[in-house]
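Each chain, letter by letter, is given below.
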Amino acid sequence: MCRNLVLTATAIGMSLLCAGTVQAGPQAPNAQVQAPAQSTPPATRKRASAQERADAERLTPMARAAFWAREVDVDPTDVVANIRLASALRQLGQYDVAAQSAQKALVIDPKNFDALMETGRAYVGEGQGFYAIDPVKRAAALAPKDWRPLSLLGVAYSQVKRDEAAQAAWVQALKLSPENPAVLSNMAMSLAVKGDAAGAETLLRRAAARPDAGLQVRQNLTLVLGIEGKLGEAEKLLREDLPPLEAEANLAYLKTMAPGGDAAPAPVAAPAGETRTWASLKGAGG
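What you see is a predicted model, and the numbers here were worked out from it, not measured in a lab. (Residues numbered from 1 in each chain as written. Predicted model: local features only at pLDDT ≥ 70, side-chain atom pairs only at ≥ 80, totals over all residues. Heavy atoms only, no water.)

S.K.: Any chance you could explain the pattern of salt bridges here in plain terms?
M.R.: Considering all chains together, one arrives at 21 salt bridges under this definition. Residue Glu118 is joined to Arg121 by a salt bridge in which the shortest nitrogen-to-oxygen separation is 3.4 Å. With Glu118 and Arg121 both in helix 5 (residues 113-125), this residue pair falls three residues apart, about one helical turn. By relative accessible area, which is 4% here, Arg121 ends up buried. Here Asp212 and Arg210 are joined by a salt bridge, their closest N and O atoms 3.7 Å apart. By relative accessible area, Asp212 is classed as partly exposed at 43%. Judged by its relative accessible area of 31%, Arg210 is partly exposed. Through salt bridges with shared partners, one network takes in Arg47, Arg53, Arg70, Glu71 and Asp78. (Salt bridge = Lys/Arg side-chain N within 4 Å of Asp/Glu carboxyl O. Helix = DSSP H or I, 4+ residues; strand = E, 2+ residues; numbered from the N terminus. Buried < 20%, exposed > 50% of the residue type's maximum accessible area, 1.4 Å probe, protein only.)

S.K.: Explanation requested: helix 10 (residues 197-208) in the structure shown.
M.R.: Structural remark: α-helix, 3.6 residues per turn; residues separated by three or four positions point the same way. Here helix 10 contains 12 residues, and its C-alpha end-to-end distance of 16 Å stays within 8% of the 16 Å for a straight helix at 1.5 Å per residue. Every buried residue belonging to helix 10 is among Ala197, Gly199, Ala200, Glu201, Leu203, Leu204 and Ala207, and all of these are buried. Buried-residue contacts for helix 10 involve helix 9 (181-193) and helix 11 (215-227). (Expected span 1.5 Å × (residues − 1). Contact = heavy atoms within 4.5 Å.)

Have a look at this one:
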């Protein structure tokens, strides 16, 4: 059963997840984002104020993508706008366009840490870990005391089946940030992909016990529990973390992952973060 998991990673650091969002209405996750129509020529429009930009980070991914697309339209050389557009697009699952936006920022500022990380995250989100390795290694060189590039690098290595390199990257990340739940979760899911659900559960319980563990860590634990057939505990976690309809959808999916389960629709994905989401673990291959 575990052989059907696909190992990928997500995009932004857990510390960057918004505590709340300004609701902009439901949006289809893979809807194409375009800059809003403007009647004023770009040359005469002004970029948003610092406060407007700060407020935009509390919007939903779709609304943020529209906001930052407008900022890029006003000034295509705006590095920050290109990076944040890439982040929003990645969270919408538009990985190829996200990578293009991040790379535009790199053309302007080749040593920009955030642009390098967003490029890597977009490639990893798309399952193209090979192309993430170079930009993420460059990001790690720019910030040698930051655990995030090493954690992401480990996932990129895992996608290309360089398991020893992945483990080395994660070990180094844990030296910089001991017991970091995102790193432990990434290590755990690499075990799950290899069929070691018990080992993955042990690491995920360590990660989930941390006070700074995010929703994705708990969702990964739920997924592994489902693989092991521990549906009672998995259901308890689902109902604690998700609205009823999402909990039911993911529970139905877990029942297909458990021994003897039948095919069912894919689970509803958790919000994107530094660890893998349910959406990035489904599918064939691996």
